Amino acid sequence: MRFVLASASPARLQTLQSAGIEPEVLVSGVDEDAITAPSPAELVQALARAKATAVADAQTGGVLVLGCDSMLEFDGQVLGKPASAAEAVARWKRMRGRSGVLHTGHTLLDVGSSRTNSAVDPAAAEAVASTTVYFAQPSDDEIEAYVATGEPLAVAGAFTIDGLGGWFVDRVEGDHHNVVGLSLPLLRKLILDLGYTLADLPRL
């Protein structure tokens, strides 16, 4: 069974590799700005589905395709990657000492296996994982220095938990892997829902 990660995120790839799984990486090229939904959770799920579907459409034979998308819900707004350093600084000044909810949509498609008998209409399992993130209170100087590293510009919500931003996350409620961009417990459930086990995935 091939396993494809439809994401360019190095953090998602590292999460899978650290858990002993070696996926193929194929980037979807989906225009994320063209997709809308009424709520943050529905939006990340729609984006995850679009990414997985775009990659799955080009596959034949037995393959599982995983699409993911993450966004931070804060003050009723959906926050993806900041558009500039100035936006990242302003965002962090709003977030410090407060909390937000990191949503990650997961879509797993089973393409062309003997269990689906169809590459046109693959079996699907999908769900959203949500983790509450409690931010520390970095000083203005710390925020400026953090943003100057460039890390906040490359990630949803303008922070990481597994990199430089980890200094400024006090705690989380929920799966911490989800904050990195992929919930391992949820992915395992989706794999089981499609009739597979972790042993069916390619190992490192």
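Check the entry above for the structure.
A quick note: this is a predicted structure, and the numbers were derived from the prediction, not measured.

Caption draft 1: Spatial organisation of the layout of surface pockets. Taken as a whole, the largest pocket holds about 730 Å³ of empty space. Taken together, 34 residues make up the lining of the largest pocket; nearest its centre are Arg 12, Lys 51, Lys 81, Ala 154 and Ala 156. For the lining of the largest pocket, the secondary structure elements donating two or more residues are helix H1 (10-18), helix H2 (40-56), strand E3 (63-74) and helix H5 (176-180). Ranked by residues supplied to the lining of the largest pocket, first place goes to E3 with four residues. Looking at the lining of the largest pocket, its residues break down into 19 nonpolar, eight polar and seven charged.

Caption draft 2: Examining unusual backbone geometry more closely. With a phi close to 55°, Asp 75 is a non-glycine residue in the positive phi region. One non-glycine residue, Ala 158, lies in the positive phi region at around 70°. As for its position among the elements, Ala 158 is in the loop between helix H4 (140-148) and strand E7 (169-173).

Caption draft 3: Summary view of helix H6 (residues 184-193). Regarding H6, the residues found buried are Leu 186, Leu 187, Leu 190 and Ile 191. Along H6, the residues classed as buried sweep out an arc of 145° about the axis, all on the same side. The elements touched by buried residues of H6 are strand E1 (2-5), H1, E3, strand E5 (99-111) and strand E6 (123-135). Its side-chain oxygen 3.3 Å from the backbone nitrogen of Leu 186, Ser 183 forms the N-cap of H6.

Caption draft 4: Representation of the packing of aromatic side chains within the structure. Enumeration according to the criterion identifies five aromatic pairs in this entry. Aromatic side chains Phe 135 and Phe 159 sit 5.0 Å apart centroid to centroid with 90° between the ring planes, which places their arrangement in the edge-to-face category. Here Phe 135 is found in strand E6, whereas its partner Phe 159 is found in the loop between H4 and E7, with 24 residues between them in sequence. No difference in accessibility class separates Phe 135 from Phe 159, as the two residues are buried.

Rules of the game
- Residues numbered from 1 in each chain as written.
- Predicted model: local features only at pLDDT ≥ 70, side-chain atom pairs only at ≥ 80, totals over all residues.
- Heavy atoms only, no water.
- 1 Å grid on protein atoms, 1.4 Å probe; cavity = no way out; pocket = protein on both sides within 12 Å on 5 of 7 lines; lining within 4 Å.
- Points joined across faces, edges and corners; volume = space filled by probe spheres on them.
- Helix = DSSP H or I, 4+ residues; strand = E, 2+ residues; numbered from the N terminus.
- Nonpolar A, V, L, I, M, F, W, Y, C, P; charged D, E, K, R; others polar.
- Buried < 20%, exposed > 50% of the residue type's maximum accessible area, 1.4 Å probe, protein only.
- Arc of directions from axis to C-beta.
- Contact = heavy atoms within 4.5 Å.
- Polar contact = N/O pair within 3.5 Å; in protein donor to acceptor, adjacent residues only side chain to side chain.
- Phe/Tyr/Trp six-rings, centres within 6.5 Å; stacked < 30°, edge-to-face > 60°.

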